[in-house]
Every structure is written in structure tokens, then in C-alpha cells.
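The primary structure of each chain is shown beneath.
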Amino acid sequence: MARKVPAAAVRVLVLLGSKSDLPVIEKMRPLLDRFGLSYKVEIASAHRQPARLGRLVRQADTAGTEVFVAVAGMAAHLPGVVASLTGKPVIGVPVASGPLAGVDALLSIVQMPPGVPVATVAVGSAGARNAACLAARMIALKDAKVADAVAAYRQELAKGGR
Ligand code: RP5
């Protein structure tokens, strides 16, 4: 009988609260590629699809995903819920999708209770880029190739790159 081979884990799982959040991660994707980090993007609302979200996080966690990035606007419970489902690092990216222009999401994501941290970055696209950089720095702690890629990127920034 043919044995089922488990799918290789992506190193970073990027979760979005809605497909309307997709433009925010456009500049994050090339950075993750540049750092040599395999990743997958999934849309899973903490409010509308809690069962699907739980499944995705548990499966990725078990398979060996190293960092979770959760991108959400408005009430923005997604990053916090992800942090409740995994012990791996979670980076939260607030999105300016409601009338409060992202301040709502920023305050929601950053105010996690003690013991359940979410590393919160800036609102929007700049924050998403930093989420990729932060994920790479975390993974670089035990991966020399990623550490080299992070160092090369920093050198480029020092020369005026963006
Ligand atoms: C949040 O509500 C999503 O992350 C999105 O930023 C915002 C609006 O969602 P949609 O109504 O566009 O699906 O849950």
C-alpha cells in the first residue's frame, strides 16, 4: 500500500483575516523570498471561520512551521487567537481597513494578556515588510543561511537601499 507522505512544512504561515487584506502583504512576499523562507498565505477569519483557522494553525504547528504572521484590521482578533493556538512566535500586522484607519487594529493586536504575546509591527504595508524581516531574524537564530541573507539585506539598507 502506498504510504501518504506528509507535506513539507512551510517555515512561515501568513494568515489574513480577509481577502481585502491581500494588498498589504504585496511587499512582504519578495522579502520572504529574498530571505529564502518558504511560506504560504491563507485567508482565515478568526470571527467568520474559527474552525478553519484552528485547523490551519494546528496542522502547520505540528508540521514544523516556525513563525506565524497574522494580518488583520478592525477588531483584529486574528493574531491573538493564533497565539492562543500555538506556542510558536506570532507576529501581528494591523491593517487600516475601518473608519479608525488602523488605530483600532493596532491597539487590539498590541494589547495581549500577559503570557500570550503577539509581536506587533506598524500598521499596513510597512508593518508587513517588517513582519518578514522579524520572522527572518527569529529563524536566523538557528539557520546560518537565513542569517547571511539578513546580514546582506542590512548591508544593502546601510548603502541607502529600501
Ligand atoms: C478584518 O476585518 C479583516 O482582517 C479586514 O481587515 C477587515 C474587513 O474585512 P472584510 O469585511 O473586507 O472581509 O476581520
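This text goes with the structure placed above it.
Source: prediction; values computed, not measured.

## Overview of the packing of helix H2 (residues 50–63) against helix H3 (residues 78–85)
Thinking step 1. Between H2 and H3, the least distance of the axes is 10 Å, while the angle of their chain directions is 50°. One element, H2, and the other, H3, form an angle in the oblique class. Crossing hand, H2 versus H3: right-handed. Contact residues: Leu-53, Gly-54, Val-57, Arg-58 and Asp-61 in H2; Leu-78, Val-81, Val-82 and Leu-85 in H3.
Thinking step 2. When grouped by side-chain class, the residues that make up the contact of H2 with H3 number six nonpolar, one polar and two charged.

## Digging into unusual backbone geometry
Thinking step 1. A positive phi angle is found at Met-74, which is not glycine, with a value near 55°.
Thinking step 2. For Met-74, the location among the structural elements is in the loop between strand S3 (67–73) and H3.
Thinking step 3. Backbone geometry places Ala-76, a non-glycine residue, at a positive phi of 50°.
Thinking step 4. Along the polypeptide, Ala-76 turns up in the loop between S3 and H3.

## Considering helix H6 (residues 144–158)
Thinking step 1. For H6, spanning 15 residues, the distance from its first C-alpha to its last is 21 Å, which sits close to the expected 21 Å at 1.5 Å a residue.
Thinking step 2. Every buried residue belonging to H6 is among Val-146, Ala-149, Val-150 and Tyr-153, and all of these are buried. Buried residues along H6 cover an arc of 100° about the axis, so they all sit on one side. In H6, those exposed residues whose orientation departs by more than 90 degrees from the buried face are Ala-144, Asp-148, Gln-155 and Ala-158.
Thinking step 3. The opening residue of H6 is Asp-143, an N-cap whose side-chain oxygen sits 3.0 Å from the backbone nitrogen of Lys-145.

## With respect to helix H4 (residues 103–110)
Thinking step 1. Buried within H4 are the following residues: Asp-104, Ala-105 and Ile-109. Down the axis, H4 shows its buried residues gathered within 115° of arc, on one side only.
Thinking step 2. On its buried side, H4 packs onto S3, H3, strand S4 (90–95) and strand S5 (119–120).

Thresholds applied
Residues numbered from 1 in each chain as written. Predicted model: local features only at pLDDT ≥ 70, side-chain atom pairs only at ≥ 80, totals over all residues. Heavy atoms only, no water. Axes fitted to C-alpha atoms, helices over the stretch in contact; angles between N-to-C directions. Helix = DSSP H or I, 4+ residues; strand = E, 2+ residues; numbered from the N terminus. Parallel < 35°, antiparallel > 145°, perpendicular 65-115°, else oblique. Left-handed = near helix turned anticlockwise from the far one by under 90°. Contact = heavy atoms within 4.5 Å. Nonpolar A, V, L, I, M, F, W, Y, C, P; charged D, E, K, R; others polar. Expected span 1.5 Å × (residues − 1). Buried < 20%, exposed > 50% of the residue type's maximum accessible area, 1.4 Å probe, protein only. Arc of directions from axis to C-beta. Polar contact = N/O pair within 3.5 Å; in protein donor to acceptor, adjacent residues only side chain to side chain.

Keep in mind that these numbers describe shape and distance, not what the molecule does.
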